[in-house]
Amino acid sequence: METTEKQLSGMTEAEEKEFLNMVLEKTRGRDLFPEKTARAREFLKALEANGQRLIPENFKGVRS
Amino acid sequence: MFEFEIWLISFPPLSKLFPLNVSNLSNSYLVSEDKSSFEYRFFFLSKGANTVLKAVQYTYAHKFEDRNVYNLGFGDYDRSGDRIQDKIHTNNGDAYKVFNSVISTTPMFFEKFSDDILMVLGSDGGSEFAENCKRTCIKKCESFCRKFNQRITIYRNYVEKNFVELSRTYWFLGGYIIVNTHIVTERYILGRNYDAILIFKK
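Bear in mind that the values here come from a model prediction, so they are computed numbers and not experimental data.

> For this particular structure, what's the right way to read the overall build of chain B?
Helix and strand counts for chain B stand at six helices and 10 strands. For chain B, buried positions account for 40% of its 202 residues. Intrachain contacts of chain B at a sequence separation of at least 6 include 56% that bridge at least 24 residues.

Pasting the structure below:
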């Protein structure tokens, strides 16, 4: 980690852009937060299973 | 295969994207972005005591009432392990700038997914986190873990401080998790300790 931090510091703006682009390419198509996504899914499915609306019915002015 | 669009951007003027006084958000890092129909992802470098690579990702979670719901993820990206650390405190001395950088991606999300819903949950809000915290707590945690739900509290505080201005553009809902799977959502009421925040455009 120490080595990584040293490599990341002191980059020019152009180098930083190139580096960030490289990381985007490397991680493309992957869910980087699978646990959090799973929790969000559980939350929404539980809400659905309870027969509840996500957007409460008394929420005026919201299109359904 | 998905179609991807990639842009590398200098941060756009927030006043164009976020119609409110967010001058404090101008103090944010350069972010790079990558979008597909299932995710919208950003990376930036936090330059505090150390230089740390940060990732922000909006990931499709579920379709609900004909709207796609995306979940916000944020954490440190560890290149050597090729994984995210979203439960650690980096303590890099630039917490506000990092938070601003995360928040500054939200208007961009709604520019791309204007009919969809954004969901925010804390990475320290799950039952596993609470159980693990109680086992390892060094802060006199007794009946509850003091670290539990700290992250969603940061987002709640931001919403509460800017509620009037944000409400011109967005609807806010608050979600409670009551006894594991019993979940309730309601129109956001200031001061309530929600487990989740849901946001969508007016």
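This is not the end of the story, as more comes after the structure.
> Would you take a moment to explain helix α2 (residues 13-27) of chain A for this structure?
Because each turn of an α-helix spans 3.6 residues, side chains separated by three or four positions end up pointing in the same direction. All names here are of chain A. Between its first and last C-alpha atoms α2 spans 21 Å; for 15 residues at 1.5 Å apiece the expected length is 21 Å, and the two agree. Taken together, the buried positions of α2 are Glu16, Leu20, Leu24 and Thr27. Down the axis of α2, the sector holding all buried residues measures 80°, keeping them to one side. Away from the buried face of α2 by more than 90 degrees, exposed residues Ala14, Glu15, Met22, Glu25 and Lys26 are located.

> Even after reading the chapter, I still don't get unusual backbone geometry, so can you show me in this structure?
Peptide bonds are trans in most cases, and residues, glycine excluded, mostly fall at negative phi. Residues and elements named next belong to chain B. The backbone phi angle of Glu65 is positive, close to 50°, even though this residue is not glycine. Look at Glu65 and you get exposed, because 11 C-beta atoms sit within 10 Å. For Asn91, which is not glycine, the phi torsion reads 50° and is therefore positive. Turning to its location among the elements, Asn91 is positioned in the loop between β6 (83-85) and α2 (95-103). The exposure class of Asn91 is exposed, given the 10 C-beta atoms found within 10 Å.

> Looking at this structure, how should I read the nonpolar core?
Note on soluble globular proteins: their nonpolar side chains tend to be buried together. In this structure, Phe43 of chain A together with Phe43, Met119, Val120 and Ala196 of chain B are the most contacted members of the largest nonpolar core, which totals 50 residues. What Phe43 of chain B contacts, discounting residues up to four positions off in sequence, is Leu20, Val23 and Leu24 of chain A together with Val31, Ser32, Leu53, Lys54, Ala55 and Tyr77 of chain B.

> What should I look at first to understand the interface of chain B and chain A in this one?
One frequently used descriptor of interface size is the decrease in accessible area upon assembly of the parts. The interface is formed by 46 residues belonging to chain B together with 36 residues belonging to chain A. In terms of residue count, strand β4 (residues 51-64) of chain B provides more of the side of chain B that touches chain A than any other element does, eight residues in total. Partitioned by chemical class, the residues of the side of chain B that touches chain A number 22 nonpolar, 16 polar and eight charged.

> Would you explain the pairing of strand β10 (residues 196-201) of chain B in this entry?
Successive side chains on a regular strand alternate, one facing one side of the sheet and the next facing the other. All names here are of chain B. β10 sits mainly inside the fold: five of its six residues count as buried. Looking at chain direction, strand β7 (residues 117-121) and β10 are connected through five bridges and run antiparallel. Bridge pairing links Leu118 to Ile199 in β10.

> So what exactly am I meant to see when it comes to the pairing of strand β2 (residues 32-35) of chain B here?
Residues and elements named next belong to chain B. Side chains Ser32 and Asp34 of β2 all project onto a buried face; the interleaved residues Glu33 and Lys35 project onto the opposite face, where all are buried too. Here β2 pairs with strand β3 (residues 39-47) via four bridges, running antiparallel. Opposite Ser32, over in β3, you have Phe43 as the bridge partner. Joining the antiparallel neighbours β2 and β3 is a turn of three residues.

What counts as what
Residues numbered from 1 in each chain as written. Chains lettered and ligands numbered in written order. Predicted model: local features only at pLDDT ≥ 70, side-chain atom pairs only at ≥ 80, totals over all residues. Helix = DSSP H or I, 4+ residues; strand = E, 2+ residues; numbered from the N terminus. Buried ≥ 20, exposed ≤ 12 C-beta atoms within 10 Å, placed from the backbone. Contact = placed C-beta atoms within 7 Å. Expected span 1.5 Å × (residues − 1). Arc of directions from axis to C-beta. Core = buried A, V, L, I, M, F, W, Y, C linked by C-beta atoms within 7 Å. Nonpolar A, V, L, I, M, F, W, Y, C, P; charged D, E, K, R; others polar. Pairing = 2+ DSSP bridges.

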